[in-house]
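# Observations on the model geometry
What follows is the residue order along each chain.
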Amino acid sequence: MFINATGYYIPSMRVHNDYFLDLNGLTSEWIQQRTGIVTRSKASEEENTETMGIDAVKNALPNLPYSIEDVDLIIGASYSPVDTVATLAHVIQRNFNINNAKAIYVSSACSSFLNALEIAEGYFALQKASKALIVCSEHNTAYSNETDPKAGHLWGDAAVAFFLSKERQNDKEAEIKEIYTQALGNIGKGPGGVYLRPKTEGIQMPDGRDVFMHACKYMCDAIHYVTQKQHCPLENISYLITHQANMRIISNVAKQLNMGDEKILSNIKELGNTGSPSSPLVFAQNRDLFNPKDIVILTVFGGGYSSGGCFIQC
């Protein structure tokens, strides 16, 4: 499976740590020390999960080596949808007039993008599709309680789009060589660790310690799985991109793998936790950094719980 083009959209608004002092009593220094976040992206009143997803697709189009109308599978990935009936995938189909595509919506917390990749891989293997568009978008700030001292200061908004094909379209395309996902609802706090209840409580993380502990373990497990499947020693990894939940988690994973800072790519300092788009967003932002044959590993951990890894050779 090959990456034909990537695009992304990040709202222009930034909310600095200082904003939260009067809301939840947390100082900028405390937030940065505990999370690595200094600012976070925030959608405007005119923006939402759908508009950001549309803009991410538009950002990818100049580099797409075929017409968007050739796409025959659209997957919307999000846990913060505008509409759960007319889904993000259907909105994308209509906006770009993609006539002959299947449209699917997938949600598995912050693992949603990797689950979408795995679905595309399956459709390709079954010969039910040949060109896929994954649009992953989260409007976290629509549901966050900014006065919550546990999690109100964590969230950012963003969207990312990946065009994928079963067959290589040109020599410069990166290849996704391994995808791994795992449901973990039966471990730790499971479904209670992080949740989003739109009508009542919004997005909450009542037990960050439990999330931290399991994220550090299971992201490392996913990295080991995809690299071993590809017979790739850890030292051969060119860049590692983890879910952007907390800089201390990222540092812990890097330490476990004995991986230097020069191989760790991150955007959490500026954008906060953008949820399921976070790791593919870092990939898309740094696409020009990667050289041919570079090995880039994505790994994620989501509330619920869930985890996954992805092995990409550029």
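Parameters at a glance
- The residue numbers shown here count from 1 along each chain, following its written sequence.
- Restriction of local features to residues with pLDDT of at least 70 applies here, the model being predicted, together with a cutoff of 80 or more for giving and counting side-chain atom pairs; totals for whole chains, interfaces and linings are based on all residues.
- Where side-chain values are given, they derive from all heavy atoms of the structure, hydrogens and water being excluded.
- Only buried residues count toward a nonpolar core, which is a set of Ala, Val, Leu, Ile, Met, Phe, Trp, Tyr and Cys residues joined through side-chain atoms within 4.5 Å.
- Only protein chains enter the calculation, and the probe is 1.4 Å; a residue is then buried if its accessible area is under 20% of its type maximum, exposed if over 50%, and partly exposed in between.
- In this description a helix means any DSSP run of H or I spanning at least four residues, a strand means any run of E spanning at least two, and both kinds are numbered starting from the N terminus.
- When checking whether two residues touch, look at their non-hydrogen atoms; a contact exists if any pair is within 4.5 Å.
- Salt bridges are identified by distance alone: a Lys or Arg side-chain nitrogen within 4 Å of an Asp or Glu carboxyl oxygen.

The next subject is the nonpolar core. Ranked by size, the top nonpolar core spans 38 residues in total, and within it Leu240, Val253, Ile297 and Phe301 carry the most contacts. The element contributing the most residues to this core is helix H6 (residues 208-229), with nine residues. Residues in contact with Phe301, not counting those within four places in the same chain, are Cys110, Ser111, Leu184, Val211, His214, Ala215, Tyr218, Met219, His243, Ser306 and Ser307. Among the nonpolar cores identified, the runner-up in size contains 36 residues, and Leu73, Cys136, Ile176 and Phe283 belong to it.

Moving on, we get to the pattern of salt bridges. For the structure shown, the criterion picks out five salt bridges. A salt bridge links Lys42 to Glu146, with the nearest nitrogen and oxygen atoms 3.3 Å apart. Residue Lys42 is found in strand S3 (residues 39-42), and its partner Glu146 is found in the loop between strand S6 (131-139) and strand S7 (157-165); the two are separated by 104 residues along the sequence. Relative accessible area serves as the criterion here: at 22%, Lys42 is assigned to the partly exposed category. With its nearest N and O atoms 3.6 Å apart, the salt bridge here joins Lys189 to Asp207. Note that Lys189 is positioned in the loop between strand S8 (174-183) and strand S9 (195-197) and Asp207 in the loop between strand S10 (202-204) and H6, a separation of 18 residues in sequence. Looking at Lys189, the relative accessible area reads 46%, which means it is partly exposed.

Geometric descriptors of this kind do not, in isolation, establish any biological role.
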